[in-house]
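What follows is the residue order along each chain.
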Amino acid sequence: ITPSGGAAFQLGVYKVLSDYPTADKRWRKIIAYDALYDILKADCRAWYDSFLPNTSTTKTLKQFRDSFFSYFNVTQESASLPNDSITITRNINPSSITGKTILKCILELNACFGKIGRNGKFKYVSLEKPTSGLFPATTLYPSTTLYPQKRGFVREENRRVYNSMEYQEYETKPIDRLMILDSRGDVQASVGTGMTNVYLIKDNFLVFGLDNTAVTNIANNIYPNISERFYRPARINTIGNPCLEVGDGIGVKTIDGVNVETYI
C-alpha cells in the first residue's frame, strides 16, 4: 500500500487462494494466507524422526525451532527466547504430528505467541506488561518524580477512531501463578504465590521425561513473561492502522468514558 505522498508500506507476504472481481468490477476480492497456513496443518513426522532419530539424541530448544522452520523454508526474526538452552530429547513416537502441535509446544515453553510478520519472517511476540497503579497512601505521597498512574497500557486510542465496540464488564484477574503438569496431570512445577488466576501448561511433549528440577527451571524462566497480565474480552471494529499489531496492549476510551484495556 502506498499512502498519498508517502513511501510504500508492505502489509505482508501471502499465498493467494482466490482472486475475483466484485460485482461492480471496481475492486477485487482476494483471500490469501501467510506461511503459517501450510505449517499448521502439515504432518511433520518425517522431520521429527530425522531430527531426533533415537532417545540418545539431544538438541537444544534453539536447535529444535531453527530446524523446524528450516524444514518449511521460513526465516525467523532474531530472538533470544527464555528456554532456548534447555535440552530436547526424543520422548514420543508419534504416528503423525502436525506443525500446529510442535509450534504450540515451542511457544508455550517460552510464554509467547507466534506470527508471520509483514516481511514474511516468523516473529515471536510476548505480551507487554501493564503498568501498575500508584495511588496516594500514608506511605506514598506524590512528588516531583512520582505521580499516581492508572493500571493499563501506555498506548491509548481516542474514541473517535473506532466504529463500534463490544466488551465485557469484567477483566480477568492478573496471572499470579504458573503450573506445569505432566502427561498424567500431576504437578511438576509451580511458580508464583497466588491462586486467583493460575496459568496451566499441560500435555507439552517437550517436557515429557524431564525431572521436576528441570521443569521448575523452565517455569522460572517464563513466569516473568506472563505474570500480572490481565485481559478484557472485547471486539473492536475500527479504522485500519498498520502500526497496531497482534499482541500490542491497547486502551480504548469509549464514548461514555469507559477505559477498555485489552490486547490485540
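This text follows the structure it describes.
Fair warning: this is a prediction, and the values are worked out from it, not measured in the lab. (Residues numbered from 1 in each chain as written. Predicted model: local features only at pLDDT ≥ 70, side-chain atom pairs only at ≥ 80, totals over all residues. Heavy atoms only, no water.)

Visitor: How do you make sense of the pattern of salt bridges when you look at a structure like this?
Guide: Charged atoms that come close allow side chains of opposite charge to pair. The final tally for this structure, using the stated rule, is 14 salt bridges. A salt bridge links Arg90 to Asp49; its shortest N-O distance comes to 2.9 Å. Here Asp49 lies in helix H2 (residues 45-51) and Arg90 lies in the loop between strand S4 (87-89) and helix H4 (99-108), a separation of 41 residues in the sequence. It is possible to trace a salt-bridge network through shared partners that takes in Lys115, Arg118, Lys123 and Glu245. (Salt bridge = Lys/Arg side-chain N within 4 Å of Asp/Glu carboxyl O. Helix = DSSP H or I, 4+ residues; strand = E, 2+ residues; numbered from the N terminus.)

Visitor: What exactly am I supposed to notice about the packing of aromatic side chains here?
Guide: We describe a pair of aromatic rings using the distance from one ring centre to the other and the angle between the two ring planes. Evaluation of the coordinates by the stated rule reveals eleven aromatic pairs. The interplanar angle of 80 degrees and the centroid separation of 5.0 Å between the aromatic rings of Phe122 and Tyr124 together place this pair among those described as edge-to-face. Accessibility assignment for this pair places Phe122 and Tyr124 in one class, buried. Above the plane of the ring of Phe51 lies Lys59, whose end atom (NZ or CZ) is 5.4 Å from the centre. (Phe/Tyr/Trp six-rings, centres within 6.5 Å; stacked < 30°, edge-to-face > 60°. Buried < 20%, exposed > 50% of the residue type's maximum accessible area, 1.4 Å probe, protein only. Lys NZ or Arg CZ within 6 Å of the ring centre and 35° of its normal.)

Visitor: What is the right way to read the sheet that holds strand S10 (residues 187-191) from this model?
Guide: Note: strands within a sheet are paired through backbone hydrogen bonds, in either parallel or antiparallel orientation. Reading across the sheet, the three strands line up as S10-S9-S11 and stay open at both edges, with mixed pairing between neighbours. The open sheet terminates on both sides in strands that have one partner only, identified here as S10 and strand S11 (198-201). With strand direction ignored, the average angle separating the axes of adjacent strands in the sheet is 15 degrees. Two elements, strand S9 (residues 177-181) and S10, share four bridges in a ladder whose sense is antiparallel. For Ile180, the partnering residue across the bridge sits in S10 and is Ala189. On the sheet, helix H5 (residues 212-222) packs against S9, S10 and S11 and is oriented at approximately 35 degrees with respect to S10. (Pairing = 2+ DSSP bridges. Axes fitted to C-alpha atoms, helices over the stretch in contact; angles between N-to-C directions. Contact = heavy atoms within 4.5 Å.)

Visitor: Mind showing me how you'd approach the side chain of Arg90 here?
Guide: Exposure remark for Arg90: the relative accessible area of 12% places this residue in the buried category. Within the structure, Arg90 has its side chain in polar contact with the backbone oxygen of Leu52 (distance 2.8 Å). A polar contact is formed between the side chain of Arg90 and the side chain of Asn93, at a distance of 2.9 Å. (Polar contact = N/O pair within 3.5 Å; in protein donor to acceptor, adjacent residues only side chain to side chain.)

Visitor: Can you help me understand a nonpolar patch on the surface in this one?
Guide: A grouping of Leu17, Ile31, Tyr33 and Tyr37 is seen on the molecular surface, where their side chains present a nonpolar patch of about 350 Å² in accessible area. Its location among the elements puts Ile31 in strand S2 (residues 28-33). On the basis of relative accessibility, which here comes to 33%, the residue Ile31 falls in the partly exposed class. (Patch = residues over 30% accessible without salt bridge, like charges linked within 9 Å, V, L, I, M, F, W, Y side chains within 5 Å. Areas by Shrake-Rupley, 256 points an atom, 1.4 Å probe, with all protein chains shown as cover.)

Shape is all these values report; function is a separate question.
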